[in-house]
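Examining the three-dimensional arrangement
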Amino acid sequence: MDDQTQKHEQPTRSYWRWSKEDFFPEESFQDMASYRNAISHTYLRLKDRLLTRSSDQNEIFLLQESENALKKCLTWWDLAWMSFGSVVGSGIFVITGLETRQTAGPAIILSYAVSGLSALLSVLCYTEFAIEIPVAGGSFSYLRVELGDFVAFIAAANILLESIVGAAGLARSWSSYLASMISSNTDFFRIRVSHFAKGFNLLDPTAVVVLLIADGIAVSGTRRTSILNWVSSALSFMIILFIIVIGFIRGKSSNLVPFFPYGGRGVFKAAAVVYWSYTGFDTVATMAEETKNPTRDIPLGFIGSMSMITVVYCLMALVLCMMQKYSEIDPNAAYSVVFESLGMKWAKYLVSICALKGMTTSMLIGGLGQARYMTQIARSHMIPPWFALVHPRTGTPINATLLLAIPGALIALFSSLDVLSSIFSFSTLLIFTLIAVALLVRRYYVKDTTVKGDLIKFQACLFVIIASSILITVLWNSSMTGWIGLAVAASIWFLGTLGMGLLPKQRVPSVWGVPLVPWLPSLSIGMNLFLIGSLGWEAFWRFFACSAAMLIYYLLVGVHATYDVAHQNQQDNKTEEGIINRGTE
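**Observations regarding the overall build of the protein**
When its secondary structure is counted, the protein shows 23 helices and two strands. Expected size for 585 residues packed as a compact globule is a radius of gyration near 25 Å; at 24 Å, the protein falls within 12% of this value. Along the longest, intermediate and shortest principal axes, the C-alpha atoms of the protein span 85 × 60 × 50 Å. When burial is assessed residue by residue, the protein has 58% of its 585 residues classed as buried. Charged side chains in the protein number 42 positive and 39 negative. The centres of these two groups are separated by 8 Å.

So, in C-alpha cells, the structure goes:
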C-alpha cells in the first residue's frame, strides 16, 4: 500500500500519453517471447477466468486505475431526469412508426406495455446492484462479481455493441426528423450510393456531426451535462403532454380498428424491438459512482422515472394510432408527419423539435453513461487501461468516450435504422437477462457459505427456469403452437421458481432489495428470453457474428491481460499479509 501511496503522491502525469505501457502494461505483452508464452497457456488461463469471480470490494478497489476520481455531483433529481432524457427519445420518436406500420398495428400499445413491464423488472434488479456496488461499471461489474470474468466479458462485448449501434441509430433518426421539418422526404440530408447494398446505401453525414457534438458536450463535465439535460427534458415533457392532449382531441377511435392486424405474434415481435425505447436506464446505473447518496438517490431516481415513462409511452402510442390509420403512418418520422396530415403544420415543427431534443439528450446521456461502462471495463484491463483514465480538469473519461464516438459515427454514416434496431434489442435483452440471473445468484449463493446440497438445488431450479422460458418462446414461435403445450411449459417455470423460493437465501440486501425474490427476477428472465425469441433470425446471426469477433479479441488479448492483473493482485495481497504478520511478531 505504501508503494501505491507514493505513486499517487508523485507529480500528476499528462493525461495525453501514448506509450506502450499505457495500453499494454501486463507481463504477457512485454515482448514477443512473453506473448508467445501467454498464447501457449490460453486454455489454462481461459479455464482460470471462467471459474473466477470478482468481489464488491475489488470492483471499488479498481477505481485507482483511473488516477483521477469521477466527481460526486449528482442527486436523485439528476438521476430521474437523466433517466427521462436518456430513455424518452431513444425509441418513442424513433421506432414507434416503423413497428406500428409493419409489425403490430394499433396493438403497438400492448407492445409498449409488455416491454415496459419487462424493463421495470430489470430496473428493480439494477437498483439493488447499483446501491450495493456503486461503481461506474454498471452491469459489467455486477456480472463480474456474481457470474465471473468470462460472462462479464460477454456483457462487455454486448455493452460495446449496444453503445455504438444505439448511438448510430439515434443519430440517423435525428437526421430524419430534421429533414421532416424541411421536406416531405426524410432522406433529404442523405446521399444515395447505388452500388452499396440496400440498408447501407444512404450515407448520412448529418448524423455523424450531431453524434460527435453530443459526445463533445458529454466530456465537458458531468454536472454541466446534467443541468442541460434536466432543463431541456422538463420543456420536452410539456410538449409530450401537448401531443397526448391533442391526440385525444383530434384522434378517432375508428382508426384503432382492426386492433390486431398482425395477430398476437405481431404484438410480441414489436415488443422485442420497441424495447429499444426503454433502454437508457441501464446507462444511468453507471452514474452511481458520481452520485452523492446512492442508497437514497438511486431507488428514487430509477423506479419513479421508469414507472412514469411506461405510462407516457403507452399514451403516446395510443394517440398516434388514433390520429392516423396504422397503414398510413410514416415509419421514419411518425409524429411529425401525422400532425401535418391533420393540417397542423405548426404542431409538426413543435413535435419535431421535441423529438430532436429527446434524441439529442439520449445521445448526450448515452455518451456520458456508456463511457463509464468502458472506464470500468478498462480498469479491469479487459480492454487497455488507457481507456480508464479520467481527465483531471473535466472529471470525465475522454478516452473511453472517443472509443465509442468514432466507430458510432462511422456506423451512423452507412447503416439504416431497420438494420440497427433488431441487433440493438438482442444485445440489450441478453444483458438484462444475465442481470436477473446474477441477482438470483447473489441472493442464493455465497462462496464458502452455501452448502453443496443447496447449491445443487439452486442450480437445478435456475436451469428449469431458463429452460422452461426458452421452451415457452419456442412453442409460441412454432407453427404448431397449442395452448396445452404453453400451459405445461408455464407450469414447469412456475414449479422451478417455487422450488427456488423454498431454498434458504444466503444474502440479504443491506439497504434496499428487489421484492418478491425469486419471482420477479424469474419473471424478468422469462420475459426477456421471450422477447429475444420474437426477434428475427437476422438479429441472431448479426449478434453471434459480432460476438464471435469479440471472442477472438478476448482469446488473443483480454484473457491474458485480466489473468496477469488478477494474479499480480493476489501476489501483492500475499506480500502485504506477510509484512503485516512479520510486524505483529
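**Observations concerning the nonpolar core**
With 160 residues, the main nonpolar core has Y112, Y126 and Y335 as its most contacted residues. When near neighbours in sequence (up to four residues on either side) are disregarded, Y126 contacts S139, Y142, F281, D282, A285, F302, Y373, I431, F432 and I435. Grouped together as the second largest cluster of nonpolar side chains are five residues, I472, W476, L486 and A489 included.

**Some thoughts on the environment of A38**
Position of A38 relative to the elements: it lies in helix α3 (residues 32–40). Along the backbone, A38 and E27 are eleven residues apart, and their C-alpha atoms lie at a distance of 9.1 Å.

**Focus: the packing of aromatic side chains**
Taken as a whole and assessed by the stated rule, the structure comprises 32 aromatic pairs. Here F84 and F237 contribute two aromatic rings whose centre-to-centre distance is 5.7 Å and whose plane-to-plane angle is 75°, an arrangement assigned as edge-to-face. In this pair, F84 sits in helix α6 (residues 76–87) while F237 sits in helix α12 (residues 222–250), placing the two residues 153 residues apart along the sequence. Considered together, F84 and F237 belong to a single accessibility category, that of buried residues. Pairing W493 with W519 gives two aromatic rings, centres 6.2 Å apart and planes at 65°, and the pair type is edge-to-face.

**Considerations on the confidence of the model for the protein**
When pLDDT is averaged along the protein, the result is 85, and 92% of the positions lie at 70 or above. Least confident of the elements in the protein is helix α1 (residues 2–9), whose mean pLDDT is 45; most confident is α3, at 94.

**Here we look at the environment of M238**
Topologically, M238 is positioned in helix α12. Spatially, the C-alpha atoms of M238 and C354 are 9.5 Å apart, while their sequence positions differ by 116 residues.

**A few points about the packing of helix α10 (residues 149–180) against helix α17 (residues 345–379)**
Here α10 crosses α17 at 160°, and the two axes come no closer than 9 Å. On the basis of the axis angle, α10 is roughly antiparallel to α17. Judged by the twist between their axes, the crossing of α10 over α17 is left-handed. Grouping the amino acids of the contact of α10 with α17 by side-chain chemistry returns 16 nonpolar, seven polar and two charged.

**Re the side chain of T394**
With respect to the helices, strands and loops of the structure, T394 is situated in the loop between α17 and α18 (398–414). Looking at T394, its side chain comes within polar contact range of the side chain of T396, at 2.7 Å. Apart from the residues within four sequence positions on either side, T394 is in contact with K71, V219, S220 and G221.

**As for a nonpolar patch on the surface**
A cluster of nonpolar side chains, namely W16, W18, L402, I406 and L410, defines an oily patch on the protein surface of about 560 Å² accessible area. Note that I406 resides in helix α18.

**A few points about the pattern of salt bridges**
Pairing between side chains of opposite charge can happen when the charged atoms of each approach one another. All chains considered together, the criterion is met by 17 salt bridges. Between R442 and E132 there is a salt bridge; the shortest N-O distance is 3.1 Å. You can see R442 sitting in helix α19 (residues 417–444) and its partner E132 sitting in helix α8 (residues 108–132), a full 310 residues away along the chain. Of the two residues, R442 and E132, both sit in the buried class.

**Observations concerning the packing of α12 against helix α15 (residues 294–323)**
Where α12 meets α15, the axes come as close as 9 Å, and the angle between the chain directions of the two elements is 40°. Accordingly, the angle class assigned to the pair α12 and α15 is oblique. For the element pair α12 and α15, the recorded crossing hand is left-handed. Contact residues: α12 offers F237, I240, I243, I244, G247 and F248, while α15 offers M308, V312, L315, M316, L318, V319, M322 and M323. In terms of residue class, the contact of α12 with α15 is made up of 13 nonpolar, one polar and no charged.

**With respect to the state of the cysteines**
One pass over the structure, following the stated rule, counts zero disulfides. Not part of a disulfide, C354 finds its nearest cysteine sulfur in C314, a span of 17 Å. Given the relative accessible area of 2%, C354 is considered buried.

**Examining unusual backbone geometry**
The omega angle of the peptide bond from V257 to P258 is 0°, so this bond is cis rather than trans. Take P258: it is sitting in the loop between α12 and α13 (263–274). Of the consecutive residues V517 and P518, the connecting peptide bond is found in the cis state with omega at 15°. As for its position among the elements, P518 is in the loop between α21 (483–501) and α22 (519–533). Phi is positive for D448, close to 65°, though the residue is something other than glycine. Take D448: it is sitting in the loop between α19 and α20 (452–477). D448 gets classed as exposed once you look at its relative accessible area, which sits at 75%.

What counts, and at which threshold
Residues numbered from 1 in each chain as written. Predicted model: local features only at pLDDT ≥ 70, side-chain atom pairs only at ≥ 80, totals over all residues. Heavy atoms only, no water. Helix = DSSP H or I, 4+ residues; strand = E, 2+ residues; numbered from the N terminus. Rg over C-alpha atoms; globule rule 2.2 N^0.38 Å. Buried < 20%, exposed > 50% of the residue type's maximum accessible area, 1.4 Å probe, protein only. Lys, Arg positive; Asp, Glu negative; His and termini not counted. Charge placed at Lys NZ, Arg CZ, Asp CG, Glu CD. Core = buried A, V, L, I, M, F, W, Y, C linked by side-chain atoms within 4.5 Å. Contact = heavy atoms within 4.5 Å. Phe/Tyr/Trp six-rings, centres within 6.5 Å; stacked < 30°, edge-to-face > 60°. pLDDT = per-residue confidence, 0-100. Axes fitted to C-alpha atoms, helices over the stretch in contact; angles between N-to-C directions. Parallel < 35°, antiparallel > 145°, perpendicular 65-115°, else oblique. Left-handed = near helix turned anticlockwise from the far one by under 90°. Nonpolar A, V, L, I, M, F, W, Y, C, P; charged D, E, K, R; others polar. Polar contact = N/O pair within 3.5 Å; in protein donor to acceptor, adjacent residues only side chain to side chain. Patch = residues over 30% accessible without salt bridge, like charges linked within 9 Å, V, L, I, M, F, W, Y side chains within 5 Å. Areas by Shrake-Rupley, 256 points an atom, 1.4 Å probe, with all protein chains shown as cover. Salt bridge = Lys/Arg side-chain N within 4 Å of Asp/Glu carboxyl O. Disulfide = S-S within 2.5 Å.

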